[in-house]
Amino acid sequence: MSGEPEPISLAPPPGEVEPGSGVRIVVEYCEPCGFEATYLELASAVKEQYPGIEIESRLGGTGAFEIEINGQLVFSKLENGGFPYEKDLIEAIRRASKGEPLEKITNSRPPCVIL
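Residues numbered from 1 in each chain as written. Predicted model: local features only at pLDDT ≥ 70, side-chain atom pairs only at ≥ 80, totals over all residues. Heavy atoms only, no water.

### Points about empty space enclosed by the protein
If you walk through the whole model with that rule in mind, you get one cavity of 30 Å³ or more. In this structure, the largest cavity occupies an estimated 40 Å³ of space. Taken together, Ile25, Val27, Tyr39, Leu42, Ala43, Val46, Ile55 and Leu89 make up the lining of the largest cavity. Those elements that place two or more of their residues in the lining of the largest cavity are strand S1 (24-29) and helix H1 (36-49). The leading source of residues in the lining of the largest cavity is H1, at four residues. Grouping the constituent residues of the lining of the largest cavity by class yields eight nonpolar, no polar and no charged. (1 Å grid on protein atoms, 1.4 Å probe; cavity = no way out; pocket = protein on both sides within 12 Å on 5 of 7 lines; lining within 4 Å. Points joined across faces, edges and corners; volume = space filled by probe spheres on them. Helix = DSSP H or I, 4+ residues; strand = E, 2+ residues; numbered from the N terminus. Nonpolar A, V, L, I, M, F, W, Y, C, P; charged D, E, K, R; others polar.)

### A closer look at the nonpolar core
Ile25, Phe65, Ile67, Ile69, Leu89 and Ile93 are the most contacted members of the largest nonpolar core, which has 25 residues in total. Secondary-structure elements contributing two or more residues to this core are S1, H1, strand S3 (65-69), strand S4 (72-76) and helix H3 (86-97). Top element by residues in this core is H3. It accounts for five residues. What Ile67 contacts, discounting residues up to four positions off in sequence, is Ile25, Val26, Val27, Leu42, Gln72, Leu73, Val74, Phe75, Pro84 and Leu89. (Core = buried A, V, L, I, M, F, W, Y, C linked by side-chain atoms within 4.5 Å. Buried < 20%, exposed > 50% of the residue type's maximum accessible area, 1.4 Å probe, protein only. Contact = heavy atoms within 4.5 Å.)

### Comments concerning the state of the cysteines
For the structure shown, the criterion picks out one disulfide. A sulfur-sulfur distance of 2.1 Å marks the disulfide that ties Cys30 to Cys33. One disulfide, between Cys30 and Cys33, carries an S-S torsion of 70° and so falls in the right-handed class. Overall, Cys33 belongs to the partly exposed group, its relative accessible area being 31%. (Disulfide = S-S within 2.5 Å.)

### Here's the deal with the pattern of salt bridges
In total, this model carries eight salt bridges according to the counting rule given. Here Arg58 and Glu56 are joined by a salt bridge, their closest N and O atoms 3.1 Å apart. Note on Arg58: relative accessible area 36%, which makes it partly exposed. On the accessibility criterion, Glu56 (25% relative accessible area) is partly exposed. A network of salt bridges, in which partner residues are shared, links Arg24, Glu54, Glu56 and Arg58. (Salt bridge = Lys/Arg side-chain N within 4 Å of Asp/Glu carboxyl O.)

Have a look at this one:
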């Protein structure tokens, strides 16, 4: 023993896969619409739950907030009129990470609140 502490590894133990690894998410959003903050909030929540996940953002057309998981469209603001609930996206990622079939997210929260 040299007396020096062993380096601490944040990697999962051998044989275990980091949660979310192998899952790729692409979020296409309308920047002029002010949707970047929603993307960043969602990406942060996803990364917290699934640190090994790959998230890519792309600038989209007017009103767009589209989410693909492993190349499959799972949410479309253009179709639903709102934004996805975090819990629904987290569930879709869980399914994708286990190789289960994905279903489209149809629940959405309103894009804004008018007082």
